Amino acid sequence: MNKTELIQQAAVQTGISRKDIETVLNTAINLMTDSLSQGEKVQLVGFGTFETKERPPHTARNPKTMEQVEVGATRTVTFRPGKTLKGSVAL
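Throughout what follows, the structure given in this document is the object of discussion. (Residues numbered from 1 in each chain as written. Predicted model: local features only at pLDDT ≥ 70, side-chain atom pairs only at ≥ 80, totals over all residues. Heavy atoms only, no water.)

Time to look at the overall build of the chain. Scanning the chain for helices and strands turns up three helices and five strands. The order of α-helices and β-strands along the chain, N terminus first, is α-α-β-β-β-β-β-α. Counting only C-alpha atoms and orienting by the principal axes, one finds that the chain spans roughly 55 × 35 × 30 Å. A fraction of 32% describes how many contacts in the chain between residues 6 or more apart in sequence connect residues 24 or more apart. Counting every atom, the chain has about 7,400 Å² of accessible surface; 56% of that belongs to carbon and sulfur. (Helix = DSSP H or I, 4+ residues; strand = E, 2+ residues; numbered from the N terminus. Contact = heavy atoms within 4.5 Å. Areas by Shrake-Rupley, 256 points an atom, 1.4 Å probe, with all protein chains shown as cover.)

Bridge count between strand β3 (residues 58-61) and strand β4 (residues 68-71): four bridges; the pairing is antiparallel. Within β4, the residue paired with alanine 60 across the bridge is valine 69. Linking two consecutive strands that pair antiparallel, namely β3 and β4, is a turn of six residues; a positive phi of about 65° is found at methionine 66 within it. (Pairing = 2+ DSSP bridges.)

Summed over the entire model, instances satisfying the criterion amount to two aromatic pairs. Summarising the aromatic geometry, the rings of phenylalanine 47 and phenylalanine 79 are spaced 5.5 Å apart at their centres and angled 50° between planes, so their arrangement reads as tilted. Of this pair, phenylalanine 47 sits in the loop between β1 (42-44) and β2 (48-55) while phenylalanine 79 sits in strand β5 (residues 74-81), and the two are 32 residues apart along the sequence. On the accessibility criterion, phenylalanine 47 (39% relative accessible area) is partly exposed. You can call phenylalanine 79 partly exposed: its relative accessible area is 34%. Seen in terms of ring centroids, phenylalanine 50 and phenylalanine 79 are 4.7 Å apart; in terms of plane orientation they differ by 45°. Their pairing is tilted. (Phe/Tyr/Trp six-rings, centres within 6.5 Å; stacked < 30°, edge-to-face > 60°. Buried < 20%, exposed > 50% of the residue type's maximum accessible area, 1.4 Å probe, protein only.)

Moving on to helix α2 (residues 18-37). Between its first and last C-alpha, α2 extends 28 Å over 20 residues, near the 28 Å set by a 1.5 Å rise per residue. All buried positions along α2 are accounted for by Ile21, Ser35 and Leu36. Axial view of α2: buried residues confined to an arc of 100°, hence all on one face. On the buried face of α2, the contacting elements are α1 (3-14), β1, β2 and β5. Following α2 by one or two positions, glycine 39 adopts a phi angle in the positive range, close to 85°. (Expected span 1.5 Å × (residues − 1). Arc of directions from axis to C-beta.)

Geometric values such as these leave the question of function open.
Listed below in structure tokens is the structure:
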């Protein structure tokens with residue numbers, strides 16, 4: 001499911017216009033992005049937790065040339081699924 005399909009399904013299930021659903025979804029995404037960029041955790045109970053992790057600088061290897069390359073420190077976003085989400089997709 002992509003963003004457009006999500007908006008369409010939410011509009012059908014709630015009876016709210018697609019434009020209003022899109023505005024709310026875009027606002028939620030922007031708020032989550034702002035919080036994560038400030039280093040804050042975003043926790044959606046039952047769904048999961050988004051947070052940023054610091055990756056220290058390290059040495060990697062170019063598989064084509066086998067040359068060692070220095071990779072600088074980076075920050076990345078991680079996601080841990082919540083108990084409800086895990087339970088709904090488990091076999």
